[in-house]
Amino acid sequence: CPRQRFVRLRAANRKQGGTLSAAFPCDDFTPSRKGMRHAVTTRAASDGTAAPSSSAPPSSSTYKKIVEGMNTLFPVWTALAAVSGLVAPTMYTSWMTNDIFVNGLALIMLTMGVTLTFDDMKATLKKPLPVLFNFACCYLLMPVLAYSIGVFCGLPSAYLAGIVLVGSINGGQASNLCTYVARGDVALSVAMTTVTTFGCIAMTPLIAKLVLGTIVGVDALGIAKSTVQVVLLPIIVGLLLNQYAPKAGRAIAEHSPAVGLVVFITLVGASVAGCASAILDAGWSLQWPLIFLHAIGGILGYFGARGMRLSEKVSRTVAIETAMKSSGFAFILAAKHFTDYSVRVPAAVSVIWMSIVGSLLAVAWRYMPVPQENAANNNTSTPGT
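Residues numbered from 1 in each chain as written. Predicted model: local features only at pLDDT ≥ 70, side-chain atom pairs only at ≥ 80, totals over all residues. Heavy atoms only, no water.

Asks: Describe in detail the overall build of the protein, supporting the description with residues and values.
Replies: Scanning the protein from N- to C-terminus turns up 19 helices and 0 strands. For the protein, the residues scored as buried account for 48% of the 385 residues in total. In the protein, 81% of the contacts between residues at least 6 apart in sequence involve partners at least 24 apart. (Helix = DSSP H or I, 4+ residues; strand = E, 2+ residues; numbered from the N terminus. Buried < 20%, exposed > 50% of the residue type's maximum accessible area, 1.4 Å probe, protein only. Contact = heavy atoms within 4.5 Å.)

Here it is in structure tokens:
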């Protein structure tokens, strides 16, 4: 109660040489700084709360708030980058080469890897059902859905290959932010993104060879090599930094959200700019299939998870992870390993719509409270969430 807290505060303050003379309720006291610090610590220990740390400077807190605000608006930045790529493509094409694009993607993967630890990897093995279900959505549901939508909409073979490639790629890093906004399970979202990212090393080339190889020319071995270079190595470097050079890892992780956002937005503009004329020529006949792919995928992911009796929080996470793909990576794979230029166009369009669809799902769920569910359902999440 407030009176008991006041008595503890007064006793601790007097012990340290302060003068707390007012009676409860107090309106006049002159405690010493040392006494107040001790009192706050004592109160924190007795109440089970932590005293605020004085090690983090105010500027650091302000920086984090600014970055968090910028990341919350990432769909806006995505749309602006896409428009700039369509209206003024030379802003990007004049300097953006494939090598720079690949290095940008690798940097995004590094910013993800540096936030992970080997303990995180072990935690996903303890609650595998949601992660395995999302893996099936990513590499079974979405490729089949992409192929079906492409055929139904009568897309040309190159565009059909492009939309299937988007459906066959790993989950996108922006899904972690959208999961947070949607009141989902962020730790589980990171685990799902990580597992599908590692999975794409084998699954994406396999799907490309079995499905896309019969539609257009594709270098499946080249896709596997690029996946290792762009995905596996940067994540392993990040994990090793956290394990053996934690100070360096923390220093990089502190700036990862800002760096990841800037690089991601730049790659969005570059993807669109590289296919600006083709996107404009295709019109809505290509936009709608990509909208359907991401929207229907998210909806099926959600109701599939609910059908498996996973919790509401986990189901929202699965939906966003299923809807949001690493379209930028699909773009660079199409550019480097497919003989037909047009295969990359659906990936460029997907960069825009997967961000918008994921954001709309997140904002809609933001204003829908997560219902209280029984422990069995809630325990399908990762530990500590």
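Asks: Give me the lowdown on the nonpolar core, citing residues and values where you can.
Replies: Formed by 83 residues in total, the largest nonpolar core has its most connected members in Phe-101, Ile-163, Leu-286, Leu-293, Met-324 and Phe-329. If one sorts the elements of this core by residue count, helix H18 (residues 344-366) sits on top with 12 residues. Leaving out residues up to four positions away in the same chain, Phe-101 has contacts with Met-96, Leu-267, Ala-270, Ser-271, Gly-328, Phe-331 and Ile-332. With 9 residues, the next largest nonpolar core counts Cys-137, Met-192, Val-314 and Val-318 among its residues. (Core = buried A, V, L, I, M, F, W, Y, C linked by side-chain atoms within 4.5 Å.)

Asks: Could you give an account of the environment of Ala-334, naming the residues involved and the relevant values?
Replies: Its location among the elements puts Ala-334 in helix H17 (residues 327-337). Residues Ala-334 and Ile-223, spaced 111 residues apart in sequence, show a C-alpha to C-alpha distance of 8.9 Å.

Asks: Got a sec to walk through the pattern of salt bridges? Specific residues and values, please.
Replies: Inspection of every chain in the model, using the stated rule, returns 2 salt bridges. The partner of Glu-312 in a salt bridge is Arg-306, and the shortest N-O contact between them spans 3.8 Å. The exposure class of Glu-312 is buried, given its relative accessible area of 7%. Judged by its relative accessible area of 30%, Arg-306 falls in the partly exposed class. Residues Glu-312 and Arg-316 are paired through a salt bridge, measuring 2.7 Å at the closest nitrogen-oxygen approach. One end of the pair is Glu-312 and the other is Arg-316, both in helix H16 (residues 312-323) and 4 residues apart, which spans about a single turn. (Salt bridge = Lys/Arg side-chain N within 4 Å of Asp/Glu carboxyl O.)

Asks: An account of the packing of helix H15 (residues 284-307) against H16 is requested, with residue identities and associated values reported.
Replies: Running from N to C, H15 and H16 cross one another at 150°; their axes reach a closest spacing of 7 Å. It follows that H15 is roughly antiparallel to H16 by the angle criterion. For the crossing formed where H15 meets H16, the hand is right-handed. Taking contact as the criterion, the partners of His-294, Gly-297, Gly-298, Gly-301, Tyr-302, Ala-305 and Arg-306 in H15 are, on H16, Glu-312, Ser-315, Arg-316, Val-318, Ala-319, Thr-322 and Ala-323. Partitioned by chemical class, the residues of the contact of H15 with H16 number 5 nonpolar, 6 polar and 3 charged. (Axes fitted to C-alpha atoms, helices over the stretch in contact; angles between N-to-C directions. Parallel < 35°, antiparallel > 145°, perpendicular 65-115°, else oblique. Left-handed = near helix turned anticlockwise from the far one by under 90°. Nonpolar A, V, L, I, M, F, W, Y, C, P; charged D, E, K, R; others polar.)

Asks: Tell me about the packing of aromatic side chains, and please be specific about residues and values.
Replies: Applying the stated criterion to the full structure yields 7 aromatic pairs. Positioned above the aromatic ring of Tyr-139, the side-chain terminus of Lys-325 is 5.7 Å from the ring centre. (Phe/Tyr/Trp six-rings, centres within 6.5 Å; stacked < 30°, edge-to-face > 60°. Lys NZ or Arg CZ within 6 Å of the ring centre and 35° of its normal.)

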